[in-house]
Amino acid sequence: VGSEMCIRDRDSEHWCIHIADDGEGLSHEECERIFSPFYRATLARERESGGVGLGLSIAKAAVELHHGRIIAEPAERGGLKVTLSFPKS
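So, how was this worked out
Residues numbered from 1 in each chain as written. Predicted model: local features only at pLDDT ≥ 70, side-chain atom pairs only at ≥ 80, totals over all residues. Heavy atoms only, no water. Helix = DSSP H or I, 4+ residues; strand = E, 2+ residues; numbered from the N terminus. Buried < 20%, exposed > 50% of the residue type's maximum accessible area, 1.4 Å probe, protein only. Contact = heavy atoms within 4.5 Å. Areas by Shrake-Rupley, 256 points an atom, 1.4 Å probe, with all protein chains shown as cover. Salt bridge = Lys/Arg side-chain N within 4 Å of Asp/Glu carboxyl O. Pairing = 2+ DSSP bridges. Axes fitted to C-alpha atoms, helices over the stretch in contact; angles between N-to-C directions. Disulfide = S-S within 2.5 Å. Polar contact = N/O pair within 3.5 Å; in protein donor to acceptor, adjacent residues only side chain to side chain.

Asker: I'd like a description of the overall build of the chain, backed by residues and values.
Answerer: Broken down by element type, the chain carries 3 helices and 4 strands. Listed by position from the N terminus, the elements making up the chain come as β-β-α-α-α-β-β. Out of the 89 residues belonging to the chain, those deemed buried represent 29%. Contacts in the chain between residues far apart in sequence, at least 24 positions, make up 42% of those at least 6 positions apart. Summed over its atoms, the accessible surface of the chain is roughly 6400 Å², and 53% of this surface lies on carbon and sulfur atoms.

Rendered as structure tokens:
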């Protein structure tokens, strides 16, 4: 599975980090739910990863403590795209 990351100015007041992969991706519904504590997407539940579904909820809390925003969405070319946005100040 390949992935890419880029950091850029979103506008004069914010900057963004975009992370995308070309894996199997998630549905729009799962993209909304993956930041909930203890939620594991279908693909993660089928693996023996040992995770309990806390990593992305912790990431969301950290981003929000810095007045940022994190979203996940299906990537245009397949896979998943995660965007973190932070104020420049």
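Structure's up, so let's keep going.
Asker: Break down the pattern of salt bridges for me, with residues and values.
Answerer: When charged atoms on two side chains of opposite charge get close, those side chains can pair. One pass over the full model with this rule turns up 5 salt bridges. Close ionic contact of Arg-33 with Glu-29 constitutes a salt bridge, the shortest N to O distance being 3.4 Å. Taken together, the residues span about one helical turn, with Arg-33 and Glu-29 both in helix H1 (residues 28–33) at a distance of 4 residues. On the basis of relative accessible area, Arg-33 is assigned to the partly exposed category, the value being 39%. A relative accessible area of 51% means that Glu-29 is categorised as exposed.

Asker: Which residues make up the sheet that holds strand S1 (residues 3–9), and what values go with them?
Answerer: Here we have 4 strands laid out as an open sheet, ordered S1-S2-S4-S3, and antiparallel in their pairing. The sheet is open, and its two borders are formed by S1 and strand S3 (69–74), each paired with just one other strand. Ignoring strand direction, the axes of neighbouring strands in this sheet form an average angle of 15°. Pairing analysis gives 6 bridges linking S3 to strand S4 (residues 80–87), with the strands arranged antiparallel. Each bridged residue has a counterpart across the sheet, and for Ile-71 the counterpart in S4 is Thr-83.

Asker: Provide a residue-level description of the state of the cysteines, including the pertinent values.
Answerer: Per the counting criterion, the structure on display carries 0 disulfides. No disulfide involves Cys-6; its sulfur sits 8.9 Å from the nearest other cysteine sulfur, which is in Cys-16. Note on Cys-6: relative accessible area 25%, which makes it partly exposed. Judged by its relative accessible area of 4%, Cys-16 falls in the buried class.

Asker: Describe in detail the side chain of Ser-85, supporting the description with residues and values.
Answerer: Within the fold, Ser-85 resides in strand S4. When its relative accessible area of 8% is taken as the criterion, Ser-85 is described as buried. A distance of 2.9 Å separates the side chain of Ser-85 from the side chain of Arg-10, its partner in a polar contact. Leaving out residues up to four positions away in the same chain, Ser-85 has contacts with Arg-10, His-14, Trp-15, Cys-16, Gly-68 and Arg-69.

All quantities given are derived from atomic positions and should not be read as evidence of function.
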